[in-house]
Structures are given as C-alpha cells and as structure tokens.
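Here's the letter readout for the chains.
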Amino acid sequence: MSSSSSDRLGYPFSTFLDQHSAQLNASAVPPELWHSLYRKLSDQTFDAGDHFQIICEMDENDEKKTLFVRALEDMHNNDEENIFLIDHFISFPAESARKCVESNEKLPERLAALFGIDDDDCSSDGDETVEKIETSCEKEEEEHARRLSEPGLPRHESVDARLSSYSVDDPKKTMTERVMRNLWKFAQTYTVSYQLENGEMEKKHVWYVMDDFGSRIRHSGCPNVRIVPLMFLPQNCAYSIMFLTKPVKIDDEITMDWAANVITAKNPEWRQYLEMPWAEKDFSSESMVPGPPTLEYFTSGRNPDFLADEKDKKTCESAIFSALSVLKKQGKIKIFADDTQLTEHLKARQIEYVDDWKAADVIWMIKHFHDYSNLAQENPCAQINQFPFESCITVKDLLAACAMRDPSKNDWYQLTYNLNTQLPEFVARFQNRQKNGEHNVWIVKPWNLARGMEMAVTDDLNQIIRMVETGPKIVCEYIARPLLFPRPDNGNKVKFDLRYIVFVNAIGPVTAYVYNRFWIRFAINQFQLGTYDDLETHFTVFNYLDKEKVLQMKCEKFVEIIEKTYPKLKWTQIQADINSTIRKAIEVAASEPSPRGVAPNTQSRAMYGVDIMLQESPESPDVIKPTLLEINFMPDTTRACQYYPDFADTVFDTMFLDEIDPTKVTPI
C-alpha cells in the first residue's frame, strides 16, 4: 500500500487520532509527528535500521564489550519523519518475572544476549536476528489489552535484521540468574486498564523489555531521544515509539533518560537515587533515619472526616445507653447496610433493613463514612462500624508511619520505609547493610492494593527502585526466620500467617476483643532463603490462584500440630503475645490526634482483619515473637460464617450490644 494513502486498510487517520490522541498528549509526543507515526504503525514500518546502528566496542584487552547506538546521519527533531517504532521482546507482570523468563528454554540465553551479558557475542557474521519470543506472560498481557477494543489491523513480526544479531552458549541456570540481576536495568512499564464483570475499572501494570535496538540505547541525564510506550488499539498490543528531542549529528550516540518517570518529576532531588540501576553510587554513609511524616502525609489525597463536638458526643453517649436497653428487650435491630455479606447470617435477633441511616440502630457500611458530626446530630442513638480517620490503621503506609514513629520501642512491626517519601533513607539503609553483610532482603508492598497484588520479595536494590514507577509502595524488612509449619499434604515445612478478627469498641482508651478462632494461610513450597521470586515459597495468599494447592485447616488442628512439632512452644503463651501485639498496634495508631491518628468517637465500633506472622528470635529459636503484617478494613467473612454459624451474631453482640461471651471473644 502506498505511503501516501490516507485510508490504510480501512483505518483512517481521524480514527487513529480518536483512539490515541490522549495517549500521545500524555506522553508529550509532538503533534507534528503523529501522522508519520500513524503511517508507520499502519504499514508496520520498522525503519530504525536505516538511520541508526548498534555499535560494539571492546576494551583495550578485547575482553569486555560495550554496546550502544549511534546515528548514521545528521537528523533534526523537527523532521516529521523522525519517529520510530520499537517492538517489545517480552512482557510480564512484576510478580511473574522469573516465571516468564523461564517459560521458554531459549529465552534466558536470548535475554542474556540482549542485555550484553555474554562476552562472546560481540561479532555478527550473518543476517540472523534476535527473534521475538511469545510467552504465556505476553499472552496474558494481550488478553488484558483485548478488552480495550475489538481487533483490527494485523500485527507483523518486526525485528529489523539490519541492526545486529547475537548468539549465546552459556549454561541456562547461570544465565537465568544473571538475566534476573540485569532485568531491571532494561525493563520498562506501562499500564493497561480494563473493565471487570461488575463494571468496575481495574489497572494492571505490565513490564516489558524492548527489542534488540531499544535495549541498546544507553541511559543519560541529558538524552537526545525520548522513548515512550503506546498501546496501539487496532492490534491490541503495545509498541515503544522513539523521537528526537534535539538535533543529532552523524556518529552521535543515541541516549534516553531511563529514569524519567513521575517520581523523578515530582522529586528532582532524588534523581541520583532513581538512576541507581544505570549509574550506581554509594550512599551508605548518608542518613538512614527519615524525618517524621508531615501533616500533609496523613491528609493528601484522602477525604477528610468531620468529627462530632464534645457536647454532641455526650448526647450520643446517653442516647446509646438508653437505646441499648430497648434493643435488648425488643430484640429487633434496624440496620442500614450497603453490604450484607455478614448481616444476612444474623439469626439470634430479628433485623429490619432500612433505606435511611437516620432511622437505623446500626449503620453497617463497606463504603467509607465521613460526616460523624452530622451523624451525631441526626441520629445520636445509632452505632456505626467505622472510626474517624481509621485509615491510620487500615492503610499500609499510614499504619507503617504510626508504627515507625519510634522504631526503638517497636517490637511488633518490621522496619519499614515509604518509597514515595523515604527513598533516599532506604537506599542508604540497604547499602549500609550490604557493606556490613547483614540480612538485606525486603518485601515490597503497594499500599493501595490487596490479595498480594504487585508484591515482591527481593534483595535487588535495582528492582526495588524500579517498582516505585508503578504506584505507591512501602518496603518492609523481610522476616528471615519465620516459624514453619509441616504441611501434612505435601510434607513441606512452610511459612504461614494467621488472620484474626478483632472488634474495637472504643479508642482512647482502647476497648477491643479478639475472636477466639482464627484462620491460617499456608505457603506451598519448602521455605528457604533465596529465589525470592518463587511465589509459592514466600507468599501465603493462593485462594485466587490454584485452589488445589490451598490447604484449609481449622485453628484447633493447627494448634495441635504446631505444639507437637515444637514441644517447647505453648500456644496459650503465643496467643497472649499475639493479643498484646494487636493491642499495641491499635494504641499506637490512636496515640496522636487526628488526622495523625484514629479519632475516638462515641458512636463508632469496628471489625478488622489482622494478619500476624510468627518468627523466631535471633537470640534464641525457642523464643517466638508475633509480628503484625497488616490490618484490613471490613475483612471477608465468608469462611467465618460457613465454619461458625453463630459468627455474625457474635459480631453484633460484641460490637453493638455489649454482650461479651468469653467463650467466643477475648478482651485484649
């Protein structure tokens, strides 16, 4: 088809603009280049080899090579033809990087060649190319992309044979480890949005490695090109597009800013830390202790809660006291609920659902409530299942900020940094431990996602730094000596964590109870340090993956096995320590006035899911210490209601009726 055609394969330029102008504007692609980009995408024109060349330079001993890209001609950034397509060699989610690399037996070698790891592949004798590898991870990416539009233009394979070619002949295991260590120097990322069956939109971060040409372009803080991803909707796939940001002369090296991202733009003073994967520096002598979080840290991006005044609180206290005696006598509770997962299992008392919270005895909401002042004035008799500013308990980064106020007194929470506000201090800590040969494995957690999504266990500083690019993260010291459980189904001694249901009836002072039964989540593989990206060794949440590997066990059986496995361990003492740990966490989260802490409120009650892990003391393996992992708002109670038919009644009796049954709950 002629390059002058304005209607390529029934796909006019106007449609291209409708589908892609938002992406192009967001990536700051100059509009004068858009038509050329449209033409090259439509015709699948990969013409970088006409204008650039990959160069391989050896050191003076002809041993170590350097690979880079140079211009074959003078070029100007205002030339509308100077925009180029770069294909993606592989794509993968961060948590499945190793699985993706190992999904094809030749892929580690191909990636090693692409990363310039193999010292023997400097020369090129023929027209062989580094072919594009299709993997199961890439197919997953395409499935997510498919939801964005219906398929249209066909996609052609697109490695430009004129650029270069390489071969590798190293043992696979060695190559795989070397590839994984270098992966985060070459990977880039984009986000795919798609609609779930319930109509909600969800985002997935996809990491990718560019093809042979794109991967050879080296980093510079003063680059002459920009490279940005583009999701080409007619093909449901992503490319990278490269365009000049300044004129280049013949033989000039072509460079890009690999560290260009939202975090760098927001914190330009952090550039030297964010450039670490490509320009390593030593920060081990710098401060490892971050300053206290600001007020803005607790309020930015969050809807404020409005508190009742002291006069209204006293009115509510009297009103609730009077209403309780009536509720207990008549046995009928009016409930305003936006979620009935738990309330539909209430059996001991009559309930009536009401459509207006102003007419309710109990307000049971999964949606966050904010106006406690209005609640006190409009319905002083009501009790609600939320506390003002309880995000200080239930949001990972705020709980970490509360826990880290005085790390020296904190024996219940792992050392934690917020990578979006404390990256310099974390880098200093990491490098300091590295120098001293100390335990230096960390778990990276997005603080706004659940179910273990986008979590990673790693001892690779480059990976941790790069993960900042896909959204807010905290990084916690990884528990190196967890108490292990012998799985009866596969014989492996595995990690586990414990889920407790906790009821908080008051803040300041804390009045709280723990449900006497708990739930256990087990890893699958034998625990060992190393190969930290093996999800089935280092993670315990598998309900959403392979159900056949999920071990379900009631807590009574668990305690029996754990005491038999560790004869010196007495569960009654462990449980007492767990209860103490949970109370400490709640007290710390409520120790400062709102919005820096959870606010007391007469009408508030809450149910939280608290996750605990047990670890051996470094001084003595016989001493077991509970460590709090996180606290969840409105935990899923499906299994609780299935296992224990009176669970829902226990919840309401404890939280709203002040009827405490010591056989069901224990004060903490």
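Calculation criteria
- Residues numbered from 1 in each chain as written.
- Predicted model: local features only at pLDDT ≥ 70, side-chain atom pairs only at ≥ 80, totals over all residues.
- Heavy atoms only, no water.
- UniProt positions renumbered as here; feature names shortened; annotations may be inferred.
- Helix = DSSP H or I, 4+ residues; strand = E, 2+ residues; numbered from the N terminus.
- Buried < 20%, exposed > 50% of the residue type's maximum accessible area, 1.4 Å probe, protein only.
- Contact = heavy atoms within 4.5 Å.
- Areas by Shrake-Rupley, 256 points an atom, 1.4 Å probe, with all protein chains shown as cover.
- Salt bridge = Lys/Arg side-chain N within 4 Å of Asp/Glu carboxyl O.
- Axes fitted to C-alpha atoms, helices over the stretch in contact; angles between N-to-C directions.
- Parallel < 35°, antiparallel > 145°, perpendicular 65-115°, else oblique.
- Left-handed = near helix turned anticlockwise from the far one by under 90°.
- Nonpolar A, V, L, I, M, F, W, Y, C, P; charged D, E, K, R; others polar.
- Expected span 1.5 Å × (residues − 1).
- Bend = angle between axes of the 7 residues up to and from the residue.
- Polar contact = N/O pair within 3.5 Å; in protein donor to acceptor, adjacent residues only side chain to side chain.
- Phe/Tyr/Trp six-rings, centres within 6.5 Å; stacked < 30°, edge-to-face > 60°.
- Lys NZ or Arg CZ within 6 Å of the ring centre and 35° of its normal.
- Pairing = 2+ DSSP bridges.

Per an unreviewed UniProt entry, the chain is named Tubulin--tyrosine ligase-like protein 12 SET-like domain-containing protein, and its organism is Caenorhabditis briggsae. According to the UniProt record, the Sequence similarities (unreviewed entry) comment for the chain reads "Belongs to the tubulin--tyrosine ligase family."

Q: Which residues make up the overall build of the chain, and what are the values?
A: Across its full length, the chain holds 21 helices and 28 strands. Out of the 668 residues in the chain, the part that is buried amounts to 54%. A separation of at least 24 residues holds for 71% of the contacts in the chain among residues at least 6 apart in sequence. Of the roughly 29900 Å² that the chain leaves accessible, carbon and sulfur atoms contribute 48%.

Q: Requested: an account of the pattern of salt bridges, with residues and values cited.
A: Inspection of every chain in the model, using the stated rule, returns 35 salt bridges. Linking E102 and R98 is a salt bridge whose minimum nitrogen-to-oxygen distance equals 3.5 Å. For E102, a relative accessible area of 40% gives the class partly exposed. The exposure class of R98 is buried, given its relative accessible area of 11%. Ionic pairing is found between K664 and D646, a salt bridge with its closest N-O pair at 2.6 Å. Separated by 18 residues along the polypeptide, K664 in the loop between α21 (647-656) and β28 (665-667) and D646 in the loop between α20 (638-643) and α21 bring together distant segments of the chain. What you see here is one network of salt bridges that share partners, running through R98, E102, E177 and D533.

Q: Hey, could you go over the packing of helix α1 (residues 13-26) against helix α2 (residues 34-43) for me, with residue numbers and the actual values?
A: Packing of α1 against α2 brings their axes to within 11 Å, and their N-to-C directions diverge by 115°. In this view, α1 runs roughly perpendicular relative to α2, as classed from their interaxial angle. Taken as a pair, α1 and α2 cross one another with a handedness that is right-handed. Between α1 and α2, the contacting residues are F13, F16, L17, S21, L24 and N25 on the first element and W34, H35, L37, Y38 and L41 on the second. Class assignment of the residues belonging to the contact of α1 with α2 gives a composition of 8 nonpolar, 3 polar and no charged.

Q: Lay out α1 in plain terms, naming residues and giving numbers.
A: Given a rise of 1.5 Å per residue, 14 residues ought to cover 20 Å, and the 19 Å separating the end C-alpha atoms of α1 matches this to within 8%. A maximum bend of about 60° is found in α1 at H20. Restricting attention to buried positions, one finds in α1 the residues F16, H20 and L24. At its buried positions, α1 is contacted by β2 (11-12), α2, β10 (225-232) and β11 (237-244). Two residues or fewer after α1 comes A28, characterised by a positive phi angle close to 60°.

Q: Lay out unusual backbone geometry with the relevant residues and their values.
A: In this structure, P509 follows G508 across a cis peptide bond, with omega equal to -5°. Looking at where P509 falls in the secondary structure, it is placed in the loop between β23 (496-506) and β24 (511-515). The linkage connecting S594 with the following residue, P595, adopts the cis geometry, with an omega of 5°. By the element assignment, P595 lies in the loop between α19 (571-589) and β26 (606-616). Within the chain, D658 stands out as a residue other than glycine whose phi angle is a positive 55°. Classification of D658 as partly exposed rests on a relative accessible area of 44%.

Q: Could you give me a rundown of the side chain of T189, with the residues and numbers involved?
A: On the secondary structure map, T189 appears in strand β7 (residues 187-195). Within the structure, the side chain of T189 is placed 3.0 Å from the backbone oxygen of V206, a separation counted as a polar contact. When near neighbours in sequence (up to four residues on either side) are disregarded, T189 contacts H205, V206, W207, Y208, P229, E469 and T470.

Q: Explain the packing of aromatic side chains residue by residue, including any values.
A: In this structure the tally under the stated criterion is 43 aromatic pairs. Ring centres 5.5 Å apart and planes at 40° place the aromatic pair W364 and F652 in the tilted group. Residue W364 is located in strand β15 (residues 362-364), and its partner F652 is located in helix α21; the two are separated by 288 residues in the primary sequence. We note that W364, like F652, is buried. Members of the aromatic cluster, joined through ring pairs, are Y11, F13, F16, Y38, F46, F232 and Y239. The lysine or arginine in question, R302, covers the ring of W447, its NZ or CZ lying 5.2 Å from the ring centre.

Q: Tell me what's going on with the side chain of S604, and back it up with residues and numbers.
A: As for its position among the elements, S604 is in the loop between α19 and β26. A distance of 2.6 Å separates the side chain of S604 from the backbone oxygen of Q386, its partner in a polar contact.

Q: Help me get a handle on the sheet that holds strand β5 (residues 83-86), residues and values and all.
A: Strand order in the open sheet formed by 3 strands is β5-β11-β10, with antiparallel pairing between adjacent strands. Two strands close off the open sheet at either side, each with one partner strand: β5 and β10. Across this sheet, the average inter-strand angle for adjacent strands is 30°, counted without regard to direction. Across 4 bridges, the pairing between β5 and β11 is antiparallel. Its bridge partner being in β11, F84 is matched across the sheet by M242. Together, β10 and β11 form the strand contacts of α1, whose direction differs from that of β10 by roughly 135°.

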